[in-house]
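For reference, the chains in residue letters:
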Amino acid sequence: MKSCGCKSRFNAFFMKNLEWYLHHVYGNYKKSLFSKLGKDVLEIGAGTGTNLPYYRPHTNLTVVEPSRDMLNYFLEKAEKYPLNIHVVEGFAERLPFEDNSFDGVVSTLVLCSVSSPSQVLKEIKRVLKPGGVFIFIEHVKAPENTLTAKLQNIVYPGWKWLFEGCDVKRDTGSIISSFFPDATYKKIRFNSPFIPVNYHIIGYGTKRN
Ligand SMILES: C[S@@+](CC[C@H](N)C(=O)[O-])C[C@H]1O[C@@H](n2cnc3c(N)ncnc32)[C@H](O)[C@@H]1O
């Protein structure tokens, strides 16, 4: 488990207080993406539960999250939603589920922070049923020679330290496409106050084999 130190508490508090902004910028995209999900869903890195309002009532939602501080907020909020929730404290690099278990897997702002995105995507694909969907919203590496790219280079070490492994320069779209070759996603540049994480990918892929 990740330690429950000051940084972990700060990150949980920070994400909790960012929820209104995440609903503001992603809300409509999430409504559309989450409508693709079936009954049995896995969310990795569910954090404080920002995505809870977007699940269909009575979804069987399994959550894998390593931070006890995030989970404290998540569990408090989860009671308000008509979902069948099963929480697992753990890391998405090693999912404790059988192959072909879920109709859908969700990852929002998580693949930037995991220690091995390839291992996580391998696991996501393994636990998805054939025809199941993987939906994602992730911030990504900015195009070369942009102001954001320059800023990403500058803030990279400090950002990674403060936000517990968050890599602002990760080319997550390419990694997703190598596991879900048919993945479709929009590339969006938000006018965000958080400039180093301005560029986002928002989309989904399907498990074909
Ligand atoms: C920036 S927060 C995003 C939380 C939530 N998904 C959202 O959109 O608000 C990143 C989350 O990923 C979790 N996380 C970090 N490494 C992880 C890993 N290896 N496996 C699963 N979750 C992880 C963190 O604990 C945190 O809750």
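The structure presented is a predicted model; accordingly, all values stated were derived computationally and were not measured. The residue numbering used here restarts from 1 in each chain and proceeds along that chain's sequence as written. pLDDT decides what is reported in this predicted model: residues at 70 or higher carry local features, side-chain atom pairs at 80 or more are listed and counted, and totals for whole chains, interfaces and linings draw on all residues regardless. Side-chain numbers come from the whole structure's heavy atoms, not from hydrogens or water.

Visitor: Outline the packing of aromatic side chains, listing residues and values.
Guide: Centre distance within 6.5 Å is the pairing criterion for rings of Phe, Tyr and Trp, where only the six-membered ring of Trp is used; planes under 30 degrees apart are then read as stacked, over 60 as edge-to-face, and the remainder as tilted. Taken as a whole, this structure holds 12 aromatic pairs when the rule is applied. Taken together, a centroid distance of 5.8 Å and an interplanar angle of 75° make the contact between Trp20 and Tyr21 edge-to-face. Relative accessibility decides the category of a residue: with a 1.4 Å probe and only protein chains considered, values under 20% of the type maximum give buried, values over 50% give exposed, and everything between is partly exposed. Judged by its relative accessible area of 60%, Trp20 falls in the exposed class. For Tyr21, a relative accessible area of 13% puts it in the buried group. The interplanar angle of 70° and the centroid separation of 5.9 Å between the aromatic rings of Phe136 and Tyr185 together place this pair among those described as edge-to-face. With Phe136 in strand E5 (residues 128–139) and Tyr185 in strand E6 (residues 184–189), this pair connects stretches of sequence that are 49 residues apart. Numbering of helices and strands starts at the N terminus; helices are DSSP runs of H or I of at least 4 residues and strands are runs of E of at least 2.

Visitor: So what's going on with the environment of Phe91? Residues and values would help.
Guide: Inspection of the secondary structure puts Phe91 in the loop between strand E3 (84–89) and strand E4 (102–108). For Phe91, a relative accessible area of 34% gives the class partly exposed. Between the C-alpha atom of Phe91 and that of Val64, which follows or precedes it by 27 residues, the distance is 6.6 Å.

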